[in-house]
Amino acid sequence: MNYEFPLVFFTVLTQLGIGLTLVGAWKSRRGQNAPSRNYWLAALAATLAGLVASLFHLGAPLRAVTALAGLGHSWLSREGLVLGLLILLLAFVALRPAQRAAALAAGIAGLAVLVVQGFTYAPVSLPAVSNGFPLLLFAFTALALGTCFGAQAVGPQRLALCLLLLILLLVPCLWASGGAVMQETATLWRQSPGFWIGLLLTAAALVLSLACRRVTRAQGILVLCGALLVRMTFFGATLHSAARLGMPY
């Protein structure tokens, strides 16, 4: 299996940054317990770390800017554009954390990145994920990470964890009723130790939340490790449509 580790870390770390951004934007909108400069720096650092990880996926990292050349037809180019916008907004908010409008703009940019990533990693050549699954997976991952690392209330955290667990359990079952490639993808996911360990770590975070009745850093670490393992399965165990042809290309 090719786990595409640069993309694993890129997507999970940027979604950690986006989750923190969304929680921070919500706090700023309410005007209560507005996030500090260090909070926004953490969101920026996570997003930048993801961007750096993505460079290792490129054949010529020094020419990464050329990825923006296909804005008219490439979701990858659009992903780079909106991610760059998010980074600029996070840098501005980190300098001026009291700017509520900038925090809200960063939240909107974060949502835009999630939407674009949902299209970028849903190519028609991967039948099992050529649908809304990547968008939901990425969005719920971002919310789970954001509420675990950035929120104080357990209610939103528990909801995000439940939604993440639900989609991870439900979608592979739906694949079993699809075409041959989707069925084989479902089998590979169910046979993946990383998938099940990731589920267990996420479930453990939910149990810990119910037991402690508060948000703890340990829950965030569990969800982050679980997200990385599940994302390895996403990139490594999702079959290409050419698999039934013996992968001639």
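Residues numbered from 1 in each chain as written. Predicted model: local features only at pLDDT ≥ 70, side-chain atom pairs only at ≥ 80, totals over all residues. Heavy atoms only, no water.

**Q** Account for unusual backbone geometry, with residues named and values stated.
**A** We note that Arg213 has phi near 60°; this positive angle belongs to a residue other than glycine. In this fold, Arg213 is placed in the loop between helix H8 (193–212) and helix H9 (217–236). Looking at Arg213, the relative accessible area reads 69%, which means it is exposed. (Helix = DSSP H or I, 4+ residues; strand = E, 2+ residues; numbered from the N terminus. Buried < 20%, exposed > 50% of the residue type's maximum accessible area, 1.4 Å probe, protein only.)

**Q** Describe in detail the packing of aromatic side chains, supporting the description with residues and values.
**A** For the coordinates displayed, the defined rule picks out 11 aromatic pairs. Ring geometry for Tyr121 against Phe138: centres 6.1 Å apart, planes inclined by 80°, an arrangement best described as edge-to-face. Placement of Tyr121 in the loop between helix H4 (100–120) and helix H5 (133–150) and of Phe138 in helix H5 is noted, with a sequence separation of 17 residues between them. An identical accessibility class is assigned to Tyr121 and Phe138; each is buried. (Phe/Tyr/Trp six-rings, centres within 6.5 Å; stacked < 30°, edge-to-face > 60°.)

**Q** Could you give an account of the UniProt feature "transmembrane region" (unreviewed entry) in the chain, with specific residues and numbers?
**A** As annotated by UniProt and renumbered to match this structure, "transmembrane region" (unreviewed entry) occupies residues 6–26, 38–60, 80–95, 102–121, 133–154, 161–182, 194–212 and 221–243. A helix fraction of 100% and a strand fraction of 0% characterise residues 6–26, whose end C-alpha atoms lie 30 Å from each other. This span, residues 102–121, is 95% helix and 0% strand, and a straight line between its end C-alpha atoms measures 28 Å. (UniProt positions renumbered as here; feature names shortened; annotations may be inferred.)

**Q** Just give me the short version of the nonpolar core, but keep the residues and values in it.
**A** Phe133, Leu168, Trp175 and Phe234 are the most contacted members of the largest nonpolar core, which has 66 residues in total. Residues contacting Trp175, with those up to four places away along its chain left out, are Ala128, Val129, Phe133, Met182, Gln183, Thr185, Ala186 and Trp189. (Core = buried A, V, L, I, M, F, W, Y, C linked by side-chain atoms within 4.5 Å. Contact = heavy atoms within 4.5 Å.)

**Q** Give a detailed account of the environment of Gln15, specifying residues and quantitative values.
**A** Note on placement: Gln15 falls in helix H1 (residues 5–30). Separated by 28 residues in sequence, Gln15 and Ala43 place their C-alpha atoms 9.7 Å apart. With residues near it in sequence (within four places) discarded, Gln15 still touches Leu114, Gln117, Phe138, Thr141, Ala142, Leu145 and Arg231.

**Q** With reference to specific residues and values, describe empty space enclosed by the protein.
**A** For the structure shown, the criterion picks out one cavity of 30 Å³ or more. Here the largest cavity defines a volume of roughly 60 Å³. What lines the largest cavity is simply Leu137, Thr141, Leu164, Leu168, Thr202, Val223, Gly226, Ala227, Val230 and Arg231. Looking at the lining of the largest cavity, the elements with two or more residues in it are H5, helix H6 (154–175) and H9. It is H9 that provides the largest number of residues to the lining of the largest cavity, a total of five residues. In terms of residue class, the lining of the largest cavity is built from six nonpolar, three polar and one charged. (1 Å grid on protein atoms, 1.4 Å probe; cavity = no way out; pocket = protein on both sides within 12 Å on 5 of 7 lines; lining within 4 Å. Points joined across faces, edges and corners; volume = space filled by probe spheres on them. Nonpolar A, V, L, I, M, F, W, Y, C, P; charged D, E, K, R; others polar.)

**Q** I'd like a rundown of the environment of Leu188, residues and numbers included.
**A** By the element assignment, Leu188 lies in helix H7 (residues 180–191). Taking the C-alpha atoms as reference points, Leu188 and Arg96, 92 residues apart in sequence, are found 47 Å from one another.

**Q** Explain helix H2 (residues 37–55) to me, using residue names and the numbers behind them.
**A** Relative to the 27 Å expected for 19 residues at 1.5 Å per residue, H2 spans 27 Å between its end C-alpha atoms, a close match to the ideal helical length. Along H2, the residues classified as buried are Tyr39, Trp40, Ala43, Leu44, Ala46, Thr47, Gly50, Ala53 and Ser54. For H2, the elements touching its buried residues are H1, helix H3 (75–95), H4 and H5. (Expected span 1.5 Å × (residues − 1).)

**Q** Help me get a handle on a nonpolar patch on the surface, residues and values and all.
**A** Taken together, the side chains of Trp75, Val115, Phe119 and Leu135 make up a nonpolar region of the molecular surface, amounting to roughly 330 Å² of accessible area. Along the chain, the position of Leu135 falls in helix H5. In this structure Leu135 comes out as partly exposed when scored by relative accessible area, which is 31%. (Patch = residues over 30% accessible without salt bridge, like charges linked within 9 Å, V, L, I, M, F, W, Y side chains within 5 Å. Areas by Shrake-Rupley, 256 points an atom, 1.4 Å probe, with all protein chains shown as cover. Salt bridge = Lys/Arg side-chain N within 4 Å of Asp/Glu carboxyl O.)

**Q** Provide a residue-level description of the side chain of Thr141, including the pertinent values.
**A** Looking at where Thr141 falls in the secondary structure, it is placed in helix H5. One polar contact links Thr141 to Arg231, side chain to side chain, over a distance of 3.4 Å. (Polar contact = N/O pair within 3.5 Å; in protein donor to acceptor, adjacent residues only side chain to side chain.)

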